[in-house]
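# Overview (structure and organization)
Here is how the chains run, residue by residue.
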Amino acid sequence: MHLGALFITGYVLGSGSVRETARRFQLSPSTVSTAIRQLETELAIKLTERSSGTLATLLASDRVQEGLEPITAAIGQLGRLAGRDAAGAYEAWASRIPVKIVAIERFLEVADQGSINRAARRLHLGQPQLSLQLANLEKFLGHRLFERQAQGSLLTEEGRRAYPIFMTISQAWNDLKSSADERYRRTARSLRIGSIIPTGSESWVARCLGALVSEWNARRSNNAISLVAMTADDLREALKSGRIDVAILDSVFGLESFRHHELLQTDMVVIAPPDSTETTVADLVAGHAICMPSPRTGLGHAAMAFSDERASSRRLRSRDITAADSLPVIVDLVANHGYVSFLGRVSATPIAGKVRIVDLDEHLPLSYHVAFNHRKAAADASMMIVEMAAKMTSESAVQAGRVRESAA
């Protein structure tokens, strides 16, 4: 990693603009973007992304920007040592520094050992190679850093001034890298599980994942579990790219290239406000606003298909439907704001105390699946999810039967 790239990235993270940085440093935007990508690769972390043509810095960038501050400050000291601290010229010079972190660390090793020979042996390098790197560093700074003597290599006055500057840069870089290395180790050990968004803490998805985590940790597995909720489309993409290992989806579409099992089968129902009186789907959608998941979800795709293909009422057309990929929000809109929506019966049953459940005029089947990658831990977790889903489904069926009996 070059010091110039670190200086450029530090300014981008502070200004939030690639083009402003390029103009200020008299660089091309592609050069600035390349510096950012190099640091992202070195730290194994995403710092920025483009949204609607503008650069957005991510949360992790704040920590990296803070970690770069000692390095950019040290580069300022290096500029004064090299006589490059003139106003206006300094930033253009700093953004083009070709010195690599590895060259700085090798300078420090020679200084600590007091000998190029001893440092070369410790670094497993040839002496000519190390000597050439030191000569290039001296040429860049415009000063001799070592006096070569028979008994070794001693720092010159300029070398003694450079030593604490390079030490600051090396320590700050190692702090940044150690955080990245630990983050990589945690990610490598972690079993990443994604699921469709649960309706709430009482839903079968949330209960299933909660039971999985509890049982998994009770077995003292070497793989820690991390959980994330997404839409079905996002889950498939994340599984394909390797960002997650296991996915619980409300659609089988697109799973042909993955190992997968069916979790449970159910059917679609309408959920309506608890004080509503309409008894048919047509009357409900004619008298209430509609909110449902978008077609990016399996449930939303099925509901949209039902509304477009089977319903003659304009109220059921997709252009009149509010889409929200947050099931807790949808449930709140139905329970407290007079909306109606569509859910799988298995998801609607746990919230029967908050909403009315109304059957469709015809049976519309839905199925939920778990898909997973090649990791053994992913296969183990998937089988536990299958077992827990089966147990919860049977419990829900018993509970629903008791409710019907008490109502009769």
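Here, the structure is the one placed above.
Scope of this entry: the structure provided in the associated data block. Per chain, the residues get numbers from 1 upward, laid out in the order the sequence is written. Local features in this predicted model are restricted to residues of pLDDT 70 or higher, and side-chain atom pairs are both shown and tallied only at a pLDDT of 80 or more, whereas totals for entire chains, interfaces and linings draw on every residue. Heavy atoms throughout the structure, all of them, feed into the side-chain values; hydrogens and water do not.

### Quick look at the packing of helix 7 (residues 116-123) against helix 8 (residues 127-141)
Across the interface, helix 7 lies against helix 8 with an axial gap of 9 Å and an inter-helix angle of 110 degrees. Put simply, helix 7 runs roughly perpendicular to helix 8. In terms of crossing hand, the pair formed by helix 7 and helix 8 is right-handed. Taking contact as the criterion, the partners of Ile116, Asn117, Ala119, Ala120 and Leu123 in helix 7 are, on helix 8, Gln127, Leu130, Ser131 and Leu134. Counted by class, the contact of helix 7 with helix 8 contains six nonpolar, three polar and no charged residues. Orientation is described by lines fitted to C-alpha atoms, with helices fitted over the stretch in contact, and by angles between N-to-C directions that extend from 0 to 180 degrees. Only DSSP runs of H or I covering at least 4 residues are called helices, and only runs of E covering at least 2 are called strands; the numbering of each starts at the N terminus. Here the word oblique covers every angle except those under 35 degrees (roughly parallel), over 145 (roughly antiparallel) and from 65 to 115 (roughly perpendicular). Handedness of a crossing follows from how the near helix is turned relative to the far one, being left-handed for an anticlockwise turn of less than a right angle and right-handed for a clockwise one. Residues count as neighbours in contact if any of their non-hydrogen atoms are within 4.5 Å of one another. Put simply, Ala, Val, Leu, Ile, Met, Phe, Trp, Tyr, Cys and Pro go in the nonpolar bin, Asp, Glu, Lys and Arg in the charged bin, and everything else, Gly too, in the polar bin.

### Here's the deal with helix 14 (residues 327-337)
It helps to recall that an α-helix has 3.6 residues per turn; residues three or four apart then point in one direction. The buried label applies to any residue whose accessible area, calculated with a 1.4 Å probe on protein chains only, is under 20% of its type's maximum; exposed applies above 50%, and partly exposed to all values in between. Leu327, Ile330, Val331, Leu333, Val334 and Ala335 are the residues of helix 14 that are buried. Looking one or two residues beyond helix 14, the residue adopting positive phi is Gly338, at roughly 80 degrees.

### Here's the deal with the nonpolar core
With 58 residues, the main nonpolar core has Leu3, Leu6, Leu39, Phe107, Phe166, Ile169 and Trp173 as its most contacted residues. Looking at this core, the element that brings in the most residues is helix 4 (residues 59-81), giving eight residues. Beyond its immediate stretch of four places on either side in the chain, Trp173 contacts Met1, Leu6, Leu39, Glu42, Leu43, Ile71, Ile101 and Glu105. In plain words, nonpolar cores are sets of buried Ala, Val, Leu, Ile, Met, Phe, Trp, Tyr and Cys residues tied together by side-chain atoms within 4.5 Å.

### Re helix 2 (residues 18-25)
When helix 2 is considered as a whole, its buried residues turn out to be Val18, Thr21, Ala22 and Phe25. Along the axis of helix 2, the buried residues cluster in a sector spanning 100 degrees; they form a single face. Among the exposed residues of helix 2, those oriented more than 90 degrees off its buried face are Arg19 and Arg23. Just beyond helix 2, the residue with positive phi is Gln26, at close to 60 degrees. Of all possible arcs, the one meant is that of the directions from the helix axis to the C-beta atoms.

### Quick word on the pattern of salt bridges
Any carboxyl oxygen of Asp or Glu that lies within 4 Å of a side-chain nitrogen of Lys or Arg is treated as forming a salt bridge with it. Applying the stated criterion across every chain yields a total of 13 salt bridges. Taking the shortest distance from any N to any O, the salt bridge between Asp359 and Arg345 comes out at 2.8 Å. Of this pair, Asp359 sits in strand 12 (residues 356-359) while Arg345 sits in helix 15 (residues 345-348), and the two are 14 residues apart along the sequence. According to the relative accessible area criterion, Arg345 is partly exposed, its value standing at 29%. Look at the salt bridges and you will find they share partners, linking Arg192, Asp245 and Arg375 into a network.

### Details of unusual backbone geometry
Peptide bonds are trans in most cases, and residues, glycine excluded, mostly fall at negative phi. Notably, Gln26 is not glycine yet its phi reads approximately 60 degrees, a positive angle. By the secondary structure assignment, Gln26 is in the loop between helix 2 and helix 3 (29-43). A positive phi angle is found at His124, which is not glycine, with a value near 60 degrees. In this structure, His124 sits in the loop between helix 7 and helix 8.

### Describing the pairing of strand 3 (residues 146-149)
Strand direction decides the pairing type here: strand 3 and strand 4 (residues 152-155), joined by four bridges, are antiparallel. By the bridge assignment, Arg148 is partnered in strand 4 with Ser153. When DSSP finds at least two bridges between two strands, those strands are taken to pair. As consecutive antiparallel partners, strand 3 and strand 4 are separated by two residues.

### Some points on the packing of aromatic side chains
Each aromatic pair joins two rings of Phe, Tyr and Trp (for Trp, the six-membered one) with centres within 6.5 Å, and gets the label stacked for planes under 30 degrees apart, edge-to-face for over 60, and tilted for any other angle. Per the stated rule, a full pass over the model turns up eight aromatic pairs. Ring centres of Trp93 and Phe140 lie 5.6 Å apart, and the angle between their planes is 10 degrees; on these two criteria the pair is classed as stacked. Here Trp93, found in helix 5 (residues 89-94), pairs with Phe140, found in helix 8; they are 47 residues apart in sequence, far enough to count as distant. Judged by its relative accessible area of 9%, Trp93 falls in the buried class. Ring geometry for Phe107 versus Phe146: centroids 5.3 Å apart, planes at 55 degrees, classification tilted. Taken as a pair, Phe107 in helix 6 (residues 101-113) and Phe146 in strand 3 lie far apart in primary sequence, 39 residues in all. An identical accessibility class is assigned to Phe107 and Phe146; each is buried. Each residue in the set Phe7, Tyr11, Phe25, Tyr90, Trp93 and Phe140 is aromatic and connected to the rest through ring pairs, giving one cluster.

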